[in-house]
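# Secondary and tertiary structure notes
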Amino acid sequence: MTRDDRFFGLLVEFADPTRLEHACEKVRDAGFEHWDAHTPFPVHGMDAAMGIKGTRLPWIVLVGGLTGMAAALLMIWWMNAVDYPYIISGKPLFGWPAAVPVTFELTVLFSAFATFFGMWGLNGMPRLSHPLFSNERFKRATTDRFFIVVEKTDPQFEIAKTRAFLESLGGLAVEEIHDRAED
Amino acid sequence: MSHRPVPKLTDTSIEMGPLSARISRPALAVGVVALLAALGLGWAQGDDLRHFSFSWLVNFAYFLSISLGALVFIPIQYITRASWSVVIRRLPEAMAMALPFMALLTLPVLLNLGQVYEWASEHPHHLTPELAMHKAPFLNEAFFVGRWIAYFAIWTWLAMFFWRTSRQQDESKDPRLTIRMENRSGPAILLFALTCSFAGMDLLMTLDPVWFSTIFGVYYFAGGFVTFYAALTLATMGLQRTGRMRKIVSMDHFHDYGKLMFAFTFFWGYIAFSQYMLYWYGNIPEETAWYLVRQSSSWGAIGLVLCIGALLLPWAGLVSRWAKRRRSTLIGWAIWIMIMQWFNIYWVAMPVFSPEGVSLHLLDLLCLLGVGGLWVGVVAHLLGATSLVPVGDPRLEESLKFENA
């Protein structure tokens, strides 16, 4: 069905966020999965209009945080009570109050790393280029235009039918996206 | 652009109406009866009302901390130009306006200082004469009572300023009143920070005349602030159950309640631990003595219950977005936090009365009903005389369509 390997998907352009939001609802209801909306600023209500499900990121953060916590406790216990036991001002070799600040900090640090890099991973980053950047119209996605992009990898994607569907959404234009990154 | 229709004030009832009297009259009656019963029972103890005064002090400190939380919530909203909270701001305004009435509730303690505070007693047994002399310039009855007059004068002034100006705006819809309140919010928070810290120390820390903690004021504030958010959650949801403020206060507002309860639960634990760890590390007798009593006997069990019940459980229970966007979980944790924070103040104050162990007494319950009944009665009465929503606030529209991303 694809025309060539570099074909990425179809793009439809809108002049304002309200039209984009209504169009997103239609794309959502049509059952597409591999698609996205691009706006120059955050638009309230887009998550619902696009039917975006909850992210897995919190679970990644939870694992990161627990790892940090365990790492800190093990490190403090091993250093102070096993590897170099030394009694300081009559304190136990492993006193939990003394361990709390470092444990807290490492939990926060690992959670932050898990959040930041987990978000990268889920978004397919880092990447230096994207097929969308080769489109002239898409350059206005950071200033004053609003876009929906349906990728060819979507199970429902059929070039003629999908194109006709996107044209029915009432956008300014529908265009094919071809990756020209290697040109 | 919002995906849900913006609710209108006309969609719901924003007046307390007869409900105000239906709550305030029985509450005030329960308060007065419980107070008299507590006085009678306290008298029958034959200890010069010592037990009664301690029970009263615990419950007074508890409800005072809720009102103080409400008092600082208001200028924080103005100084940050917050819009989400506008629709519910009248509730904290009324809770803060309970402060002038609470001045009267100090009397059972202030009239019996010698039985409650060792520094005011005839025969101090922990204070050496040298230390007593050293502390006397600050810890003497005249200055103590004078400070309480000053605290309540400042709190009354602040609470009345925001209450009156906000209600004046209900009529005039004048946005300049908002600017005036924004301008005064900075100094208001400064005044609050000083008075709340000193009041917390005066009320609870000086129960032990030897012990001191520089973070104690923050500790008292932190507990009160999280209790205030729990009380605000229950008040808003309770009003909605009677058909008031429906739709205009949405799950997006409640989501913020959940976030704030979560954040200040942890803040309270953070402060409590900061205080504990420094004294554990320093290990100096005059500093650790306070914790020694509260870590031994059945007080130690309460301390452990607080570590788990006031910090870890609500923290874990409110961490997820799911829990913050459900009425049942929010109500459950709000009630839980209110119970735990009551035990926090109990655990701070009561070991001075019974160092040998926990001695929950009918007096504690009667004083809870006494102070609580009067507090609820005053707040419900105040809300009856006004709209439940600051209808003249220029940010009300924004607040109604607020969405929590």
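Conventions and cut-offs
Here the residue numbering is sequential within each chain, running from 1 through the sequence in written order. Lettering for chains starts from A, numbering for ligands starts from 1, and both go in the order in which the items are written. For this predicted model, a pLDDT threshold of at least 70 governs which residues receive local features, and a threshold of 80 or more governs which side-chain atom pairs are given and counted, while totals over whole chains, interfaces and linings are taken from all residues. Remark: hydrogens and water are excluded; side-chain values derive from all non-hydrogen atoms of the structure. Only DSSP runs of H or I covering at least 4 residues are called helices, and only runs of E covering at least 2 are called strands; the numbering of each starts at the N terminus. As defined in this context, the radius of gyration uses C-alpha atoms, and a globule is described by 2.2 Å times the residue total to the power 0.38. Contact definition: two residues touch when any of their heavy atoms are within 4.5 Å. Note on areas: Shrake-Rupley, 1.4 Å probe, and residue coverage restricted to the protein chains presented here. Counted as positive: Lys and Arg. Counted as negative: Asp and Glu. His and the chain ends are not counted at all. The atoms used to mark charge sites are NZ of Lys, CZ of Arg, CG of Asp and CD of Glu. Using only the protein atoms, space was sampled on a 1 Å grid; points where a 1.4 Å probe fits but cannot get out form cavities, open sets with protein on both sides within 12 Å along at least five of seven lines form pockets, and lining residues are those with an atom within 4 Å of a point. Grid points are joined across faces, edges and corners, and a volume is the space filled by probe spheres set on the points. Charged residues are taken to be Asp, Glu, Lys and Arg, nonpolar residues to be Ala, Val, Leu, Ile, Met, Phe, Trp, Tyr, Cys and Pro, and polar residues to be all remaining types, Gly included. Note that domain bounds follow an automatic or database assignment of domains. Working definition: with a 1.4 Å probe on protein chains only, accessible area under 20% of the residue-type maximum means buried, over 50% means exposed, and in between means partly exposed. Any two rings among Phe, Tyr and Trp, with Trp reduced to its six-membered ring, count as a pair given centres within 6.5 Å; such a pair is stacked if its planes are under 30 degrees apart, edge-to-face if over 60, and tilted if neither. Charges are assigned to positions over rings by a cutoff of 6 Å between ring centre and Lys NZ or Arg CZ, combined with an angular limit of 35 degrees from the ring normal.

Another point: the overall build of chain A. Of the regular secondary structure elements, chain A holds five helices and four strands. When its helices and strands are written in sequence order, chain A yields β-α-β-α-α-α-β-α-β. Taking 183 residues into account, the globule formula puts the C-alpha radius of gyration at 16 Å, and chain A, at 25 Å, lies well above it. Here the C-alpha coordinates of chain A stretch approximately 80 × 35 × 30 Å along the principal axes. Residue pairs at least 24 apart in sequence account for 79% of intrachain contacts in chain A once pairs closer than 6 positions are excluded. Accessible surface, chain A as shown: approximately 11300 Å² in total, 62% of it carbon and sulfur. For chain A, the separation between the mean place of its 17 positive charges and that of its 23 negative charges on side chains is 2 Å.

Moving on, we get to empty space enclosed by the protein. All names here are of chain B. The full count for this structure, using the stated rule, is four cavities of 30 Å³ or more. Taken as a whole, the largest cavity holds about 90 Å³ of empty space. Around the largest cavity, the lining comprises 13 residues; the ones closest to its centre are Tyr 219, Tyr 220, Gly 223, Asn 344 and Ile 345. If you list the elements that add at least two residues to the lining of the largest cavity, you get α2 (50-79), α10 (216-241) and α15 (327-349). A total of six residues in the lining of the largest cavity trace back to one element, the largest contributor, which is α10. Across the lining of the largest cavity, the residue classes tally to seven nonpolar, six polar and no charged. Considering only enclosed or pocket space, the second largest cavity measures out at about 50 Å³ in volume.

The subject of this paragraph is the domain arrangement of chain A. Annotation of chain A at the domain level lists domain 1 (7-54 + 131-178) and domain 2 (57-122). The C-alpha-based centres of domain 1 of chain A and domain 2 of chain A are spaced at 44 Å.

Before going further, it helps to examine the layout of surface pockets. Residue and element names in this part refer to chain B. Of the voids in this model, the second largest pocket is the one considered here, and its volume is about 610 Å³. If you go around the second largest pocket, you meet 28 residues; those closest to its centre are Ala 231, Leu 234, Ala 235, Trp 375 and Val 376. Elements supplying a minimum of two residues to the lining of the second largest pocket: α1 (18-44), α2, α3 (90-96), α10, α15 and α16 (362-384). Sorting elements by how many residues they give to the lining of the second largest pocket places α16 first, with ten residues. Residues belonging to the lining of the second largest pocket are distributed by class as follows: 24 nonpolar, four polar and no charged.

Residues and elements named next belong to chain A. With respect to the helices and strands, the residue Ala 15 is situated in the loop between β1 (7-14) and α1 (17-29). According to the relative accessible area criterion, Ala 15 is partly exposed, its value standing at 38%. Between the C-alpha atom of Ala 15 and that of Leu 172, which follows or precedes it by 157 residues, the distance is 7.1 Å. With sequence-adjacent residues up to four places away left out, Ala 15 is seen in contact with Asp 144, Arg 145, Phe 146 and Leu 172.

Across all of its chains, the model carries 62 aromatic pairs over all chains by this definition. Taking the centre distance of 5.0 Å and the plane angle of 85° together, the rings of Trp 290 of chain B and Tyr 291 of chain B count as edge-to-face. On the accessibility criterion, Trp 290 of chain B (2% relative accessible area) is buried. With relative accessibility at 8%, the residue Tyr 291 of chain B sits in the buried group. Connected via pairs of aromatic rings, a cluster forms that spans Trp 96 of chain A together with Trp 211, Phe 216, Tyr 219, Trp 268, Phe 273, Tyr 276, Tyr 279, Trp 290, Tyr 291 and Trp 347 of chain B. Directly above the aromatic system of Trp 280 of chain B lies the positively charged group of Lys 91 of chain A, at a separation of 5.3 Å from the ring centroid.

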